[in-house]
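Chain and residue survey
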Amino acid sequence: MSSKKEAMDKSIFFKDGQEVNIVELGRDDITISLTTGKIMLWFGRQAGESLIRDVIFGISSIDSSVALEQEIICDFKSIGKYENMGYVLTSYAKTNGGYRVIFNIPFSKKIALAHFVRSVVDQLCEKDIRKTLHWDGSPEKIIFIYNKLKNLDGWKVKRIEYKDKEESVLK
């Protein structure tokens, strides 16, 4: 039964042997755009914390090697607090208002993801949020993410864009 279901899911994304360029999933308050190199997230101001948590932790359960580079302005003492929450320090420099710090948020660390979800919720009080995650994706991983998230309330495939046949041949 599951192999029949998987075949049906594959038919959603692959038609006439065309290679997928981008798949957009989501609902009115969240969109995930998946390519083989990036996952672009858009969270609208109406997105709830539990839904954001389900999406972030769902992606993590499919591929824990996903990472997000996050810039934060903070005082020097706060750098260690972020590191204790699982963020990985990449670089920092003194700037107006404290330090400009670049962290890597690894999706393999649940404590870092929990803090990241909380920070997204806090930022949504002011405006919609866009984040770009980096991963070594594949069409199969895109299907796994789709299968993981498709049962969320109101979730659907918004758009599928295929590579041009000429573009695929050039590769």
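Computed from a predicted structure; not experimentally measured.

**With respect to the packing of helix H2 (residues 49-62) against helix H4 (residues 110-123)**
- Between H2 and H4, the shortest axis-to-axis distance is 10 Å and the interhelical angle comes to 145°. For the pair H2 and H4, the crossing hand works out as right-handed. Touching Glu49, Ile52, Arg53, Ile56, Phe57 and Ser60 of H2 are Lys110, Leu113, Ala114, Phe116, Val117, Arg118, Val120 and Val121, all from H4.
- Of the residues that constitute the contact of H2 with H4, the class distribution is nine nonpolar, one polar and four charged.

**Here we look at the pairing of strand S2 (residues 30-34)**
- Burial within S2 is extensive, with five of its five residues counted as buried.
- Of the strand pairs in this sheet, strand S1 (residues 20-27) and S2 are connected by five bridges, and their pairing is antiparallel. Considered in S2, the bridge of Glu24 is made with Ser33.
- Counting the residues in the hairpin turn of S1 and S2 gives two residues.
- For S2 and strand S3 (residues 38-43), the ladder comprises five bridges, and the chain directions are antiparallel. In the sheet register, Ile32 faces S3, and the bridge partner there is Leu41.

Definitions and cut-offs
- Residues numbered from 1 in each chain as written.
- Predicted model: local features only at pLDDT ≥ 70, side-chain atom pairs only at ≥ 80, totals over all residues.
- Heavy atoms only, no water.
- Axes fitted to C-alpha atoms, helices over the stretch in contact; angles between N-to-C directions.
- Helix = DSSP H or I, 4+ residues; strand = E, 2+ residues; numbered from the N terminus.
- Left-handed = near helix turned anticlockwise from the far one by under 90°.
- Contact = heavy atoms within 4.5 Å.
- Nonpolar A, V, L, I, M, F, W, Y, C, P; charged D, E, K, R; others polar.
- Buried < 20%, exposed > 50% of the residue type's maximum accessible area, 1.4 Å probe, protein only.
- Pairing = 2+ DSSP bridges.

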